[in-house]
Amino acid sequence: MRRHTITIDHDTFVLKDDARAREIERAALTAMRQGGGMINVFHDDTSNVSVLVSPGVPIFFASDDVPDESQNFAGGSEWGAFDISFLDA
């Protein structure tokens, strides 16, 4: 699974999917070329942030591979099983 993030100035947003990441990247590039403009960053189905993008604002797009969440429930986490017996003391 891929996780896409966009960092605008110092604020980072996790994006929902590949298509949304490409859409926001195109909108940001268009706004930059036009000397500035508003773009909408949708980071899930219910959250939307409007951001004023201008040529002086740094924007970083990143994509990372992350383990499938369903794998983490069968047999501990991606780091292995944890010994939490000390919590019973």
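Just above sits the structure.
Everything in this summary refers to the structure shown in the same document.

Reading the values: rules and limits
Residues numbered from 1 in each chain as written. Predicted model: local features only at pLDDT ≥ 70, side-chain atom pairs only at ≥ 80, totals over all residues. Heavy atoms only, no water. Pairing = 2+ DSSP bridges. Helix = DSSP H or I, 4+ residues; strand = E, 2+ residues; numbered from the N terminus. Axes fitted to C-alpha atoms, helices over the stretch in contact; angles between N-to-C directions. Contact = heavy atoms within 4.5 Å. Salt bridge = Lys/Arg side-chain N within 4 Å of Asp/Glu carboxyl O. Buried < 20%, exposed > 50% of the residue type's maximum accessible area, 1.4 Å probe, protein only.

Re the sheet that holds strand β2 (residues 11–15)
Logical step 1: Read from one edge to the other, the open sheet built from three strands follows the order β2-β1-β5, with strand pairing classed as antiparallel. Of all the strands in the sheet, just β2 and β5 (59–65) have a single pairing partner and so form its edges. Mean inter-strand twist for the sheet, computed between neighbouring axes without regard to direction, equals 20°.
Logical step 2: As defined by bridge partners, strand β1 (residues 2–8) adjoins β2 across five bridges and the pair is classed as antiparallel. Paired with T5 across the bridge in β2 is V14.
Logical step 3: Sheet strands in contact with helix α1 (residues 18–33) are β1, β2 and β5, and its direction is about 165° off that of β5.

Comments concerning the pattern of salt bridges
Logical step 1: Within the structure shown, the criterion is met by two salt bridges.
Logical step 2: With its nearest N and O atoms 2.8 Å apart, the salt bridge here joins R2 to D65. Taken together, the residues span a long stretch of sequence, with R2 in strand β1 and D65 in strand β5 at a distance of 63 residues.
Logical step 3: Classification of R2 by relative accessible area gives partly exposed; the value is 42%.

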